[in-house]
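Analysis of the macromolecular model
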Amino acid sequence: MKIDRINQRSIELDRMERANQQLKRNEDYRKVIEKKNIERIIADRIERNMRLDRDRGRYIDVDV
């Protein structure tokens, strides 16, 4: 019956490894989405600053 225990342990380790890989993929994906959102916010602020600078010449959005 030692073989069954070894196989069972091997299966458990494989499941844990797959779960860890999935968690890592999810975390990596979350980081990519977060980075894209920050880049979008920055681009929107730059666009707004350029528009305000052209329109009024003095109002700049400096919220960070």
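To be clear, the structure that these remarks concern was listed above.
Residues numbered from 1 in each chain as written. Predicted model: local features only at pLDDT ≥ 70, side-chain atom pairs only at ≥ 80, totals over all residues. Heavy atoms only, no water.

All right, on to the overall build of the chain then. When you go through the chain residue by residue, the secondary structure sums to 1 helix and 0 strands. Each of the 64 residues in the chain was classed as buried or not, and the buried ones make up 5%. Entry remark: accessible area of the chain is about 6,400 Å², with carbon and sulfur atoms responsible for 53%. (Helix = DSSP H or I, 4+ residues; strand = E, 2+ residues; numbered from the N terminus. Buried < 20%, exposed > 50% of the residue type's maximum accessible area, 1.4 Å probe, protein only. Areas by Shrake-Rupley, 256 points an atom, 1.4 Å probe, with all protein chains shown as cover.)

On to the pattern of salt bridges. Counted according to the given criterion, the structure contains 5 salt bridges. Across the pair Arg-9 and Glu-12 runs a salt bridge whose closest N-O atoms are separated by 3.6 Å. Here Arg-9 and its partner Glu-12 are both found in helix 1 (residues 2-55), 3 residues apart, which amounts to about one turn of the helix. For Arg-9, a relative accessible area of 44% gives the class partly exposed. Classification of Glu-12 as partly exposed rests on a relative accessible area of 34%. (Salt bridge = Lys/Arg side-chain N within 4 Å of Asp/Glu carboxyl O.)

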